[in-house]
Amino acid sequence: AQTVTQSQPEMSVQEAETVTLSCTYDTSESDYYLFWYKQPPSRQMILVIRQEAYKQQNATENRFSVNFQKAAKSFSLKISDSQLGDAAMYFCAYRKVQGAQKLVFGQGTRLTINP
Amino acid sequence: NAGVTQTPKFQVLKTGQSMTLQCAQDMNHNSMYWYRQDPGMGLRLIYYSASEGTTDKGEVPNGYNVSRLNKREFSLRLESAAPSQTSVYFCASSRLQRGQPQHFGDGTRLSIL
């Protein structure tokens, strides 16, 4: 079975600085998707960024980018120019390509932004 | 745009009571999902429906039943609520096509006393 591990329960960063959240996963599949979701105190689950395993180029969405290391099964999220609105729980998630499209989530990292 | 709508947003039950959580999406998505979120843990899949007319168990299905009423609606039922089912429940939906992300509702906070 696939597993996703986020080893950092909590992280903090100064406003305008850069922070990297870690995620590792375990799978025997060669093709799959990886996601980062943001959950602010409002409890919404908001898609931040996604990566397709067969694409070597790291995904980027404005201030958010990933470092995808397929051989190491690592998928970290970098947030540049951190803003107060970035404060939230961040979840890494995995999904197979074939079969049911269910997500497997990590435990989450709580990110605090210090003004 | 409503997206995925869950009702109710909050509910308190007594042990042994039954309850149905409702979920509806207006994005014409084929697949729908129910997750639960417990403190210190990520979301775990309870049941899912890959397409209308099908349902399958996820990681933690015990104590729950689901009904895919039509393409828009996917309900989750607790027949005899237990304190261990105290959690936040999320419904999600997605298209079947490759790479399509799941869209989540705002969650239902369920407390069982």
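Keep in mind it's a predicted model, so treat the numbers as computed, not measured.

Trainee: Summarise the state of the cysteines; cite the residues concerned and give the values.
Mentor: Counted under the stated rule, the structure contains 2 disulfides over all chains. The residue that forms a disulfide with C23 of chain A is C92 of chain A, at a sulfur-sulfur distance of 2.0 Å. Linking C23 of chain A and C92 of chain A, the disulfide has an S-S dihedral of approximately -70 degrees and is accordingly described as left-handed. Taken together, the residues C23 of chain A in the loop between β3 (19-21) and β4 (24-26) and C92 of chain A in strand β10 (residues 88-96) connect sequence positions 69 residues apart. By the burial criterion, C23 of chain A is buried, and C92 of chain A matches it. Sulfur-sulfur distance for the disulfide between C23 of chain B and C91 of chain B comes to 1.9 Å. Measuring the twist about the S-S bond at about -75 degrees, one finds the C23 of chain B-C91 of chain B disulfide to be left-handed. In this pair, C23 of chain B is assigned in strand β3 (residues 19-25) and C91 of chain B in strand β9 (residues 87-94), connecting sequence segments 68 residues apart. Each member of the pair C23 of chain B and C91 of chain B is classed as buried.

Trainee: Give a description of the pairing of strand β12 (residues 109-114) of chain A that names residues and reports values.
Mentor: Residues and elements named next belong to chain A. The alternating pattern of β12 places T109, L111 and I113 on a buried face, while none of R110, T112 and N114, on the opposite face, is buried. Bridge count for strand β2 (residues 10-14) against β12 is 5 bridges, and the pairing is parallel. When the sheet's bridge partners are listed, E10 is paired in β12 with R110. As defined by bridge partners, β10 adjoins β12 across 3 bridges and the pair is classed as antiparallel. Residue pairing across strands places M89 opposite R110, the latter belonging to β12.

Trainee: So, the sheet that holds strand β7 (residues 64-68) of chain B: which residues are in play, and what are the values?
Mentor: Residue and element names in this part refer to chain B. Pairing within the open sheet is antiparallel, and its 4 strands lie in the order β1-β3-β8-β7. One side of each edge strand has no neighbouring strand; the edge strands of this open sheet are β1 (4-7) and β7. Each strand axis lies, on average, 15 degrees off the axis of its neighbour in the sheet, ignoring direction. Bridge count between β7 and strand β8 (residues 74-78): 5 bridges; the pairing is antiparallel. Each bridged residue has a counterpart across the sheet, and for S67 the counterpart in β8 is S75.

Trainee: Run through the interface of chain B and chain A, naming residues and quoting values.
Mentor: Facing 27 residues of chain B, the contacting portion of chain A comprises 22 residues. Note on chain B versus chain A: buried area summed over both sides is about 1900 Å², and carbon and sulfur give 47% of it. At the surface where chain B touches chain A, the tally comes to 0 salt bridges. Between chain B and chain A we count 7 residue pairs in polar contact (both at pLDDT 80 or more) in total. Looking at the side of chain B that touches chain A, the elements with two or more residues in it are β4 (31-37), β5 (43-49), β9 and β11 (108-112) of chain B. A class-by-class count of the residues in the side of chain B that touches chain A yields 12 nonpolar, 10 polar and 5 charged.

What counts and what doesn't
- Residues numbered from 1 in each chain as written.
- Chains lettered and ligands numbered in written order.
- Predicted model: local features only at pLDDT ≥ 70, side-chain atom pairs only at ≥ 80, totals over all residues.
- Heavy atoms only, no water.
- Disulfide = S-S within 2.5 Å.
- Helix = DSSP H or I, 4+ residues; strand = E, 2+ residues; numbered from the N terminus.
- Buried < 20%, exposed > 50% of the residue type's maximum accessible area, 1.4 Å probe, protein only.
- Pairing = 2+ DSSP bridges.
- Axes fitted to C-alpha atoms, helices over the stretch in contact; angles between N-to-C directions.
- Contact = heavy atoms within 4.5 Å.
- Buried area = accessible area lost by both parts, 1.4 Å probe.
- Salt bridge = Lys/Arg side-chain N within 4 Å of Asp/Glu carboxyl O.
- Polar contact = N/O pair within 3.5 Å; in protein donor to acceptor, adjacent residues only side chain to side chain.
- Nonpolar A, V, L, I, M, F, W, Y, C, P; charged D, E, K, R; others polar.

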